Amino acid sequence: MRIRSFLFLGVMAAGCSPMSQSVMDTNIGFNGSFEDASNGLPVNWIVYTPQTVPEGKFKVSLDSNVAADGSQSILFEVDECSDKGGRLSPGLSTEIKAEPNQPYKFSFLLKNEGTTVEVRAGGISNTFGEVRPVLLASQKMSEWRQFEFEINPGSFEKLRFEFSVLAPGNLWIDNVKCEKIKPVSGE
């Protein structure tokens, strides 16, 4: 049995907007190539959409015309946005279970037409985290470009990955992966 839930995450006080949108399905898993979607959103990702970002004029969509892995990528078409990042800018994030003090390889593909993109990663708990910038890029990438980083969650049991668009343009993201780094034999 599939369990799908559509969430508006964040505080919903009178007159306040939700901070993000997401569709969760525990049967799907990581969904790093954005192949599974519901209600126009990639499943198991937290998305900062035009409905949740207070400043900006942009569109988030799944692009079946431009994909590096599988049949689609996620596309941010941004006319105006905040340069603050996180929930204040167009973008998306995800959290996955991790083994404390175990290094992981975090990799993804980007295409960029005019944006500035910030990528942050690190270990978190339900109330605290140590997430740091791993990439700030504004160069044009007309072809898919792969990025790889080693991330260690430290004492935390979850990893968080966050992509934020900080300047207008078009940004495609695809083939996001997180793999446990195996120890070198003899260690």
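Everything below is about the structure shown above.
To start, this report covers the structure provided alongside it.

Definitions and limits used
- Residues numbered from 1 in each chain as written.
- Predicted model: local features only at pLDDT ≥ 70, side-chain atom pairs only at ≥ 80, totals over all residues.
- Heavy atoms only, no water.
- Helix = DSSP H or I, 4+ residues; strand = E, 2+ residues; numbered from the N terminus.
- Phe/Tyr/Trp six-rings, centres within 6.5 Å; stacked < 30°, edge-to-face > 60°.
- Lys NZ or Arg CZ within 6 Å of the ring centre and 35° of its normal.
- Buried < 20%, exposed > 50% of the residue type's maximum accessible area, 1.4 Å probe, protein only.
- Contact = heavy atoms within 4.5 Å.
- Salt bridge = Lys/Arg side-chain N within 4 Å of Asp/Glu carboxyl O.

For N39, which is not a glycine, the phi torsion comes out positive at approximately 55°. Within the secondary structure, N39 is located in the loop between β3 (37–38) and β4 (41–42). For N175, which is not glycine, the phi dihedral falls at a positive 55°. Inspection of the secondary structure puts N175 in strand β14 (residues 169–180).

This paragraph deals with the packing of aromatic side chains. Throughout the structure, instances matching the rule amount to 10 aromatic pairs. Measuring from centroid to centroid gives 5.9 Å for F30 and W45, while their planes differ by 55°, and the two rings are tilted. With F30 in the loop between β2 (20–25) and β3 and W45 in the loop between β4 and β5 (46–48), this pair connects stretches of sequence that are 15 residues apart. An aromatic cluster of at least three residues, connected via ring pairs, comprises F30, F34, W45, F106, F108, F147, F149, F161 and F163. Across the ring face of W172, the terminal group of K111 is positioned such that the distance to the ring centre comes to 5.5 Å.

Before going further, it helps to examine the environment of S64. Tracing the sequence through the fold places S64 in the loop between β6 (56–63) and β7 (73–81). We classify S64 as exposed; its relative accessible area is 54%. Along the sequence, S64 and E35 sit 29 residues apart, while their C-alpha atoms lie 9.6 Å from each other. Residues in contact with S64, not counting those within four places in the same chain, are S71 and Q72.

In the structure shown here, the tally under the stated rule is 7 salt bridges. The shortest N-O distance in the salt bridge between K59 and E77 comes to 3.9 Å. One end of the pair, K59, is in strand β6; the other, E77, is in strand β7, with 18 residues separating them in the sequence. Relative accessible area serves as the criterion here: at 48%, K59 is assigned to the partly exposed category. Exposure remark for E77: the relative accessible area of 29% places this residue in the partly exposed category. A salt bridge links E162 to R160, with the shortest nitrogen-to-oxygen separation between them at 2.9 Å. In this structure R160 comes out as buried when scored by relative accessible area, which is 14%. Connected via shared salt-bridge partners are E95, K158, R160 and E162.

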